[in-house]
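Chain by chain, the residues run as shown.
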Amino acid sequence: GIAGVEFKNANGTKQVRKYFSSAPDQVIAGQYVVEGDDKLDLLFKLQPEMELGFDKVVYDGGTVSFKGSLTSVNFAARLHVVANEGAIVTSSVNGISVKNATEVTFYLKGATNFNGDMEVLNNYFTAETPADVDARAKADIEKAIDKGFATIEADHIADFRAITKRMTFDLGLE
């Protein structure tokens, strides 16, 4: 499914927000859109817990990322923000700032080297390093950006419907 909200603020500006977790594209995607006089001013951050074992949080362009390692698992997380032409997107240690935007889309990806193959004893993790896991997360986000929000949303809906439309439930109420 898709979570979201649509409303008009006190100034009459329509705001639409959508969020979903896409199995086909392996990202969490969200979009903020405004129609009217008001513009979006947003700040995006990734703030891992200190004990997580990450190397550092890196803000570069419209992306924030970190990677690291725990006792048996390597991990990475990436957030990429895309705004409409004319919006101002800046990155600093405080986050990714978006100002004067009418449309902002974000893509979030978390990845680990967990294999999930429970059939093979002692094969729970791949040999991927934190850098390898981060590269895979980056590739998934880049694919999502290239496809665009509308296509990812349509693919997500088709995938979700294929699962949820397999049966019906009738309580006999008319």
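Values in this document were obtained by computation on a predicted structure and should not be read as measured data. Per chain, the residues get numbers from 1 upward, laid out in the order the sequence is written. Residues qualify for local features only when their pLDDT is at least 70, as the model is predicted, and side-chain atom pairs are given and counted only at 80 or more; totals for whole chains, interfaces and linings, by contrast, use all residues. With hydrogens and water excluded, all non-hydrogen atoms of the structure serve as input to the side-chain values.

1. Brief notes about the nonpolar core
Counting 19 residues, the largest nonpolar core has Phe44, Leu79, Val81 and Val104 as the members making the most contacts within it. Ranked by residues supplied to this core, first place goes to strand β7 (residues 74-83) with 4 residues. Once residues lying within four places of it in the same chain are set aside, the contact partners of Leu79 are Phe44, Lys45, Leu46, Gly62, Thr63, Val64, Ile96, Phe106, Tyr107, Leu108 and Ile141. If you look at the next biggest cluster of nonpolar residues, it comprises 8 residues, including Val27, Tyr107, Ala144 and Ile152. Nonpolar core, defined: a set of buried Ala, Val, Leu, Ile, Met, Phe, Trp, Tyr and Cys residues in which side-chain atoms within 4.5 Å join the residues together. Only protein chains enter the accessibility calculation, which uses a 1.4 Å probe; a residue is then buried when its area is under 20% of its type maximum, exposed when over 50%, and partly exposed in between. Helix and strand definitions follow DSSP, with helices as H or I runs of at least four residues and strands as E runs of at least two, each counted in order from the N terminus. For this analysis, residues touch if any pair of their heavy atoms sits within 4.5 Å.

2. Concerning the side chain of Arg78
With respect to the helices and strands, Arg78 occurs in strand β7. Nitrogen and oxygen atoms within 3.5 Å of one another constitute a polar contact, given that in protein one can donate a hydrogen and the other can accept it, and given that sequence-neighbouring residues count only through two side-chain atoms. A polar contact is formed between the side chain of Arg78 and the side chain of Asp134, at a distance of 3.0 Å. For Arg78, the contacting residues outside a window of four places in its chain are Leu46, Thr63, Val64, Ser65, Tyr107, Leu108, Lys109, Asp134, Ala137, Lys138 and Ile141.

3. Considerations on the pattern of salt bridges
Here, a salt bridge means any side-chain nitrogen of Lys or Arg that lies within 4 Å of a carboxyl oxygen of Asp or Glu. The final tally for this structure, using the stated rule, is 8 salt bridges. Two residues, Asp25 and Lys147, come together in a salt bridge whose shortest N-O distance is 2.9 Å. One end of the pair, Asp25, is in the loop between β2 (14-22) and β3 (27-35); the other, Lys147, is in helix α1 (residues 130-147), with 122 residues separating them in the sequence. Take Asp25: its relative accessible area is 11%, and that puts it in the buried class. Note on Lys147: relative accessible area 32%, which makes it partly exposed. With a shortest N-O distance of 2.6 Å, Lys147 and Asp155 are connected by a salt bridge. Taking the relative accessible area as the measure of exposure, Asp155 reaches 29% and is therefore partly exposed. Taken together, the shared-partner salt bridges in this structure form one network comprising Asp25, Lys147 and Asp155.

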